[in-house]
Amino acid sequence: KNSKFFIYGGLIISVDKLVEFDTSITHIRENYGFLKTDDLKFETHSRPKGVTIENFIKAKEELIQQCILLGCKFIVYVVLHQIIKNAKT
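Residues numbered from 1 in each chain as written. Predicted model: local features only at pLDDT ≥ 70, side-chain atom pairs only at ≥ 80, totals over all residues. Heavy atoms only, no water.

Break down the pairing of strand S2 (residues 73–80) for me, with residues and values.
Burial analysis of S2 places just zero of its eight residues in the buried class, which makes it a mostly uncovered element. For strand S1 (residues 5–12) and S2, the ladder comprises eight bridges, and the chain directions are antiparallel. Within S2, the residue paired with glycine 10 across the bridge is isoleucine 75. (Buried < 20%, exposed > 50% of the residue type's maximum accessible area, 1.4 Å probe, protein only. Helix = DSSP H or I, 4+ residues; strand = E, 2+ residues; numbered from the N terminus. Pairing = 2+ DSSP bridges.)

Below is the structure:
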């Protein structure tokens with residue numbers, strides 16, 4: 001309700017890097033105390049109760065580093081809510 005922007009993003013990764021990326025995510029999750037059912041998102045409010053703030057930050061940092069090493073590209077769309085709310089679909 002109070003947000004000024006709608007933000008939507010995605011990740012582009014080469015198909016030949018997917019297995020390595022998946023393995024990296026699994027190791028990061030295990031190393032920092034994420035359960036198999038826990039979400040690993042970047043929003044602070046999504047931190048699982050069993051993961052400390054320090055481990056949550058380290059996991060995200062390590063994930064970003066892994067994305068850089070694998071040549072991932074991030075795409076993000078940012079649109080003002082004032083524009084979207086008047087758009088006709």
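How would you explain a nonpolar patch on the surface if you had to name every residue and give the values?
A cluster of nonpolar residues, Phe5, Ile7, Val76, Val78, Leu80 and Ile83, forms a patch on the protein surface that exposes about 570 Å² of accessible area. For the nonpolar patch, the elements supplying multiple residues, two or more each, are S1 and S2. Broken down by element, the residue count for the nonpolar patch peaks at three residues, all from S2. Along the chain, leucine 80 falls in strand S2. Residue leucine 80 is classed as partly exposed on the basis of its relative accessible area of 37%. (Patch = residues over 30% accessible without salt bridge, like charges linked within 9 Å, V, L, I, M, F, W, Y side chains within 5 Å. Areas by Shrake-Rupley, 256 points an atom, 1.4 Å probe, with all protein chains shown as cover. Salt bridge = Lys/Arg side-chain N within 4 Å of Asp/Glu carboxyl O.)

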